[in-house]
Amino acid sequence: MSDLFSIKNKRFVLSGGTGVLGSSIAKYLVQQQAKVVLLGRSIDTLKAKQNELNALTENSTHIFSVDIMDEAALRKVRDAISQEIGTIDGLVNLAGGNIPGATLQPDQSIFDIQTDDTRKVVDLNLFGTVLPTIILSELMVQQNFGAVINISSMASKQSLSRILGYSMAKAGVDIFTKWMANEMASKFTDKIRVNAIAPGFFISNQNKKLLTNKDGSYTERGHDIIKNTPMARFGDASELNGMVHYLLSDASSFVTGSIFEVDGGFSSFSGV
Ligand SMILES: NC(=O)c1ccc[n+]([C@@H]2O[C@H](COP(=O)([O-])OP(=O)(O)OC[C@H]3O[C@@H](n4cnc5c(N)ncnc54)[C@H](O)[C@@H]3O)[C@@H](O)[C@H]2O)c1
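Residues numbered from 1 in each chain as written. Predicted model: local features only at pLDDT ≥ 70, side-chain atom pairs only at ≥ 80, totals over all residues.

**A short note on the overall build of the chain**
What counts is decided by this rule: Each helix is a run of H or I in the DSSP string that is no shorter than four residues. Each strand is a run of E no shorter than two, and both are numbered from the N terminus. All radius of gyration figures rest on C-alpha atoms, and the globule criterion is 2.2 Å times the number of residues raised to 0.38. As a rule, residues whose C-beta atom has 12 or fewer other C-beta atoms within 10 Å are exposed, those with 20 or more are buried, and those in between are partly exposed; C-beta atoms are placed from the backbone.
When helices and strands are tallied, the chain shows 8 helices and 7 strands. The C-alpha atoms of the chain give 18 Å as radius of gyration, which agrees with the globular expectation for 272 residues (19 Å, within 12%). Here the C-alpha coordinates of the chain stretch approximately 55 × 40 × 40 Å along the principal axes. Counting across all 272 residues of the chain, residues that qualify as buried make up 41%.

Next up, the structure:
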């Protein structure tokens, strides 16, 4: 009988694959004997990560330096992947994040918003997922299979204070996920699935300053999040691995257009 959860020797492309969550997911996939193709901007960071992962499993990791907002460069990477690596079994869109200018300070209101930085955040978090998905799913259509995982957020369905641009973009990622899932299944094949994971709160480079003080203690916002998370803690990056594995494997063959919360209960709790 085939193993529903087997991802051995499968090849997965990870955008933002050297970030906090991307690194953790890449390491997990390599430990499962899958191969990873990391996309990132800094070739030095990519090479360091490649060495680290190849030390775990030889020849497990390919790297391509690319700014995922650059459509022409992404197309070149798609062609290089096709020629040098062959088919791909999945794409995980992890590139994204907030920027300080798009975050309101606690004493500011909507009237203080910096529209330029807010637009940049919308662009990165929305089109930073839309572009790689469309461009790499062309390969999936040619080969007639593939699984895409987008990364949504707790900020996509209810208003989280201070981060309007990020929230609008992640809400866009949710509807893009459903739209793309429908497009693939109804016009091409039921073998290409598009889903999203909405992580709760995991301390990372982009939210560290919002959630923790320099001495490591939690900020007021950090405490508020813990108070509204039934499990009363932040997530550990490794706690996304199970959902990623499920969505990339045949175990989820009838699952598409869905958004899965991995959040310690945050989104199911009213705060009362
Ligand atoms: N950490 C959390 O709590 C959390 C919660 C919900 C959602 N997310 C989402 O998960 C994803 C990964 O987050 P993370 O915590 O690992 O953040 P991170 O900042 O550690 O990683 C993001 C990566 O994306 C890369 N990147 C940014 N812009 C790029 C571009 N134009 N081209 C190529 N690469 C680019 C960065 O260099 C970085 O390596 C993001 O979409 C984030 O919004 C994170």
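**Notes on the environment of Phe201**
Going by this rule: Residues are treated as contacting if the C-beta atoms built from their backbones sit within 7 Å of each other.
Following the sequence through the fold, Phe201 ends up in the loop between β6 (192-199) and α6 (208-211). Looking at Phe201, the number of C-beta atoms within 10 Å reads 22, which means it is buried. Look past the residues within four positions of Phe201 in its chain and what remains in contact with it is Ile225, Phe234 and Gly235.

**Some words on unusual backbone geometry**
Although it is not a glycine, Asn144 adopts a positive phi angle of roughly 75°. Of note, Asn144 is situated in the loop between α4 (115-143) and β5 (146-151). Asn144 gets classed as exposed once you count the C-beta atoms within 10 Å, which come to 11. Non-glycine residue Ala232 carries a positive phi angle of around 55°. Along the chain, Ala232 falls in the loop between α7 (220-227) and α8 (241-248). Among the residues examined, Ala232 registers 10 C-beta atoms within 10 Å and is labelled exposed.

**What about the nonpolar core?**
Note the threshold: As used here, a nonpolar core is made of buried Ala, Val, Leu, Ile, Met, Phe, Trp, Tyr and Cys residues. They are joined through C-beta atoms within 7 Å.
With 65 residues, the main nonpolar core has Val13, Leu14, Val36 and Ile149 as its most contacted residues. Tallying contributions element by element places helix α5 (residues 164-187) first for this core, with 7 residues. Residues contacting Leu14, with those up to four places away along its chain left out, are Gly22, Ile25, Ala26, Val36, Leu38, Leu39, Val92 and Leu94.

**Some words on the site of the ligand**
For clarity, the threshold we go by: Nearness here is judged by the C-beta atom: place it from the backbone, and if it falls within 6 Å of a molecule or strand, the residue counts as near that partner. Residues are sorted three ways: Asp, Glu, Lys and Arg are charged, Ala, Val, Leu, Ile, Met, Phe, Trp, Tyr, Cys and Pro are nonpolar, and all the rest, Gly among them, are polar.
Around the ligand lies a shell of 26 residues, among which Gly16, Gly19, Leu21, Gly96 and Ser204 are the nearest. In terms of residues, the shell around the ligand owes the most to one element, helix α1 (residues 20-31), which gives 3 residues. Partitioning the shell around the ligand into residue classes produces 11 nonpolar, 13 polar and 2 charged.

**Digging into the sheet that holds β6**
Put simply, the rule reads: Paired strands are those between which DSSP finds at least two bridges. Interaxial angle, 0 to 180 degrees, is taken between N-to-C directions of lines fitted to C-alpha atoms, where a helix line uses only the stretch in contact.
Across the sheet, 7 strands lie side by side as β3-β2-β1-β4-β5-β6-β7; this open sheet has parallel pairing. Edge strands, defined here as strands with exactly one partner in the open sheet, are β3 (61-65) and β7 (259-262). Averaged over all adjacent pairs, the angle separating strand axes in this sheet is 20°, with direction ignored. Relative to β6, β5 runs parallel, the two sharing 6 bridges. Within β6, the position partnered with Ile149 by the bridge is Asn195. Sitting on the sheet, helix α2 (residues 43-56) is in contact with β2 (35-40) and β3, with an inclination near 175° to β3. Across the sheet, α8 lies against β1 (11-15), β4 (90-93), β5, β6 and β7, angled at about 145° from β5, the strand it touches most.

**Quick look at the pairing of β6**
Our working rule: The path from the first strand over the helix to the second decides the hand: if it runs clockwise while the strands point away from the viewer, the crossover is right-handed.
Counting buried positions along β6 yields 8 of 8 residues, so the element is predominantly enclosed. By the alternation rule, side chains of β6 split into Ile192, Val194, Ala196 and Ala198 and Arg193, Asn195, Ile197 and Pro199, which are all buried. With α5 bridging β5 and its parallel neighbour β6, the resulting β-α-β unit is right-handed. Sheet topology places β6 next to β7; 4 bridges connect them, and they run parallel. When the bridges of β7 are listed, Ala196 appears paired with Ile259.

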